[in-house]
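Chain by chain, the residues:
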Amino acid sequence: MPNTPQLSRDLGVSHATAVVVGTVIGSGIFLVPAEMMQAVGSAKLVYLAWIAGGLLSFFGALTYAELGAMKPQAGGEYVYVRDAYGPLAGFLYAWTWFLIAKPASIATITTGIVRILGTFPALAFLSRDVISAPYAVSYGQIVAIAATILISILNYLGIKKAGDFQLIFTVLKVLIILGVVAVGFTFMGGSWGHFAENYKFAQGGVTGFMAALVAALWAYDGWNDLNMVAGEIRRPERSIPIALIAGVATVGALYMLLNAAVQYVLPAAAIAASQRPASDAVAMVLGGMGAAIVSAGMAISMLVTLNGTIMSGARVPFAVARDGYFFSTLAEVHPRFHTPGAAIIVQAALSILLLLLGGSFRQFFSLAIFAEWLFYMIAGSTVFVFRTREPQAIRPYRVWGYPLVPGLFLAAAALLLYYTFTANLRNSLLGTLVILAGIPVFYAFRRKQTA
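Counting starts from 1 at the beginning of each chain's written sequence and moves along it residue by residue. Whole-chain, interface and lining totals are the exception, using all residues; otherwise, since this is a predicted model, local features are given only for residues with pLDDT of at least 70 and side-chain atom pairs are given and counted only at 80 or more. Water and hydrogen atoms play no part in the side-chain values, which are based on all heavy atoms of the structure.

### Observations concerning the overall build of the chain
Selection criterion: Here a strand is any run of E in DSSP of at least two residues, a helix any run of H or I of at least four, and the numbering for each starts at the N terminus. Every radius of gyration here is taken over C-alpha atoms, with the globule rule written as 2.2 Å times N^0.38, N being the number of residues. The rule is simple: take the accessible area with a 1.4 Å probe, protein chains only, and divide by the maximum for that residue type; under 20% is buried, over 50% is exposed, in between is partly exposed. Pairs of residues are marked as contacts when any of their non-hydrogen atoms sit within 4.5 Å. Only the protein chains shown count as cover for residues, and the accessible areas themselves come from Shrake-Rupley with a 1.4 Å probe. When charges are counted, Lys and Arg are positive and Asp and Glu negative, with His and the chain ends excluded. For this purpose, a charge sits on NZ of Lys, CZ of Arg, CG of Asp or CD of Glu.
For the chain, the helix and strand inventory stands at 18 helices and two strands. Here the chain has a C-alpha radius of gyration of 22 Å; the compact-globule value for 451 residues is 22 Å, and the two agree. Dimensions of the chain, computed from C-alpha atoms along their principal axes, come out at roughly 70 × 55 × 40 Å. Every one of the 451 residues in the chain was classed for burial, and the buried ones make up 58%. Considering only contacts in the chain between residues 6 or more positions apart, those separated by 24 or more positions represent 82%. Surface accessibility of the chain: about 17,800 Å² in total, with carbon and sulfur atoms responsible for 68%. Across the chain, the mean location of the 27 positive side-chain charges is 2 Å away from that of the 17 negative side-chain charges.

### Some remarks on the side chain of S381
What counts, and what does not: Polar contacts, as counted here, are pairs of nitrogen or oxygen atoms within 3.5 Å of one another; within protein the pair requires one atom able to donate a hydrogen and one able to accept it, and residues that are adjacent in sequence qualify only if both atoms are side-chain atoms.
Here S381 is to be found in helix α16 (residues 361-389). Here I378 takes part through its backbone oxygen, which lies 2.6 Å from a polar atom of the side chain of S381. Once residues within four sequence positions are removed from consideration, S381 is found in contact with Y85 and L410.

### Focus: the nonpolar core
Stated formally: Definition of nonpolar core: a set of buried residues of the types Ala, Val, Leu, Ile, Met, Phe, Trp, Tyr and Cys, connected through side-chain atoms within 4.5 Å.
Of all hydrophobic cores here, the largest spans 141 residues; its most connected members are F30, M36, W50, L226, L244, Y255 and F326. Here this core takes 15 residues from helix α3 (residues 43-70), the largest share from any one element. Those residues in contact with W50, other than ones at most four positions away along the chain, are I29, V32, M36, A216, A219, Y220, Y255, M256 and N259. Listed in part, the nine residues of the second largest apolar core include V114, L126, I145 and I352.

### Digging into the packing of aromatic side chains
Two aromatic rings, taken as a pair, are described by how far apart their centres are and by the angle between their planes. The condition is simple: For Phe, Tyr and Trp, rings pair up if their centres lie within 6.5 Å, where Trp contributes its six-membered ring, and each pair is then called stacked (planes under 30 degrees apart), edge-to-face (over 60) or tilted (otherwise). Note on criteria: charge over ring means Lys NZ or Arg CZ within 6 Å of the ring centre, with the direction from the centre no more than 35 degrees off the ring normal.
Counting across every chain of the model gives 29 aromatic pairs. Geometrically, the ring pair formed by F185 and W192 is stacked, given 5.7 Å between the ring centres and 25° between the ring planes. Centre to centre, the rings of Y199 and F201 are 5.9 Å apart; their planes meet at 70°, and the pair counts as edge-to-face. Counting every residue linked through ring pairs, the aromatic cluster contains F91, W95, F98, Y325, F326, F327, F442, Y443 and F445. Over the ring of F386 we find K71; its NZ or CZ atom is 4.8 Å from the centre of that ring.

Dropping the structure here:
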């Protein structure tokens with residue numbers, strides 16, 4: 001129908017790149033250097049894990065660049081899985097993303113923001129309860145819910161507003177990281193000798209390196225969110241490949257620089273023992289005020305990640321509802337703001353429900369990560385299906401190094417999937433059951449559609 005409102009292509013290549021950079025760089029780079037040092041025990045092996053994780057993520061970005069340029073529609077991975085493996089597989093992806101991955105990711109990010117804010121003495125009350133009966137709700141949960149609502153409202157009011165927020169605060173985030181790097185390398189007490197040190201209590205061996213690689217891959221996670229908003233990007237056949245390739249490359253460079261600055265300031269044993277290596281490194285140079293600045297930077301960083309996550313997540317239920325396999329209300333586009341308003345509201349409601357049910361940062365994270373990497377692997381594999389089935393299709397961008405590059409990405413996804421499944425068996429099994437529960441739901445909607 002000609003008068004039916006449609007999504008607006010208001011995101012330029014700078015916005016698209018900010019979605020990649022801003023969504024990927026959350027709290028991980030500030031926290032995982034300790035975990036990686038505990039796993040491998042030397043700066044050289046930590047760097048090897050960062051390089052390997054960066055290359056594998058870059059290979060994934062190259063693979064998704066071909067898929068996104070070929071099929072630049074809202075929903076991203078849902079569209080690739082649906083077209084390659086059929087509507088049931090596509091629905092199970094959307095069902096899982098809508099019910100588990102995105103709400104759990106949003107809860108993870110907002111819980112992480114509260115945890116960081118709680119390190120400020122003036123905000124120590126965040127851990128206390130507002131009400132204790134019939135259910136205990138803390139001030140921290142209220143702040144997490146408020147952040148979810150505010151960023152959801154921003155996205156409801158227009159993709160351009162959300163995109164501008166993403167761009168401005170991503171630039172601020174990058175400047176903060178470069179500031180930490182500059183502070184680290186100007187420290188008179190720093191030493192290049194730290195790069196040759198070893199942490200003798202490290203896990204070590206192949207198992208230790210794999211644990212460090214998994215931590216690095218987690219820190220690089222989130223670049224795929226761009227493809228979900230492909231329906232709102234101008235000139236997507238050009239902008240998506242540029243944003244994915246430039247974005248992941250930028251993230252890799254920033255990660256290497258920040259890790260080097262931390263290594264320069266702190267000895268290996270201090271990094272392994274630290275809960276927040278970047279904060280401790282800056283505190284050593286600037287004192288307590290420096291650590292507070294880094295903590296504030298981490299909170300801003302995670303707020304930008306939250307915006308990218310909310311922006312991308314709502315496009316998946318919108319896309320599957322548009323195909324007739326979910327509630328039709330979720331396929332509606334707001335007549336004034338040209339956003340999937342109902343999908344944004346329901347996504348926020350599910351996230352708030354998770355936050356009210358309670359749970360730790362780690363519990364939310366482990367609930368999300370298994371579902372995410374399962375579908376990274378499935379969505380990435382579709383490039384082989386389309387190359388075989390549609391060899392003559394128009395491909396504005398072709399993944400460099402095919403089939404080796406996408407093959408290595410799939411191997412990395414399978415590796416991370418194995419480690420996340422075995423390390424978080426309970427949550428992974430719960431995720432599997434939720435995925436399978438989508439099968440009867442799909443057939444219920446299909447019967448309704450047929451009737």
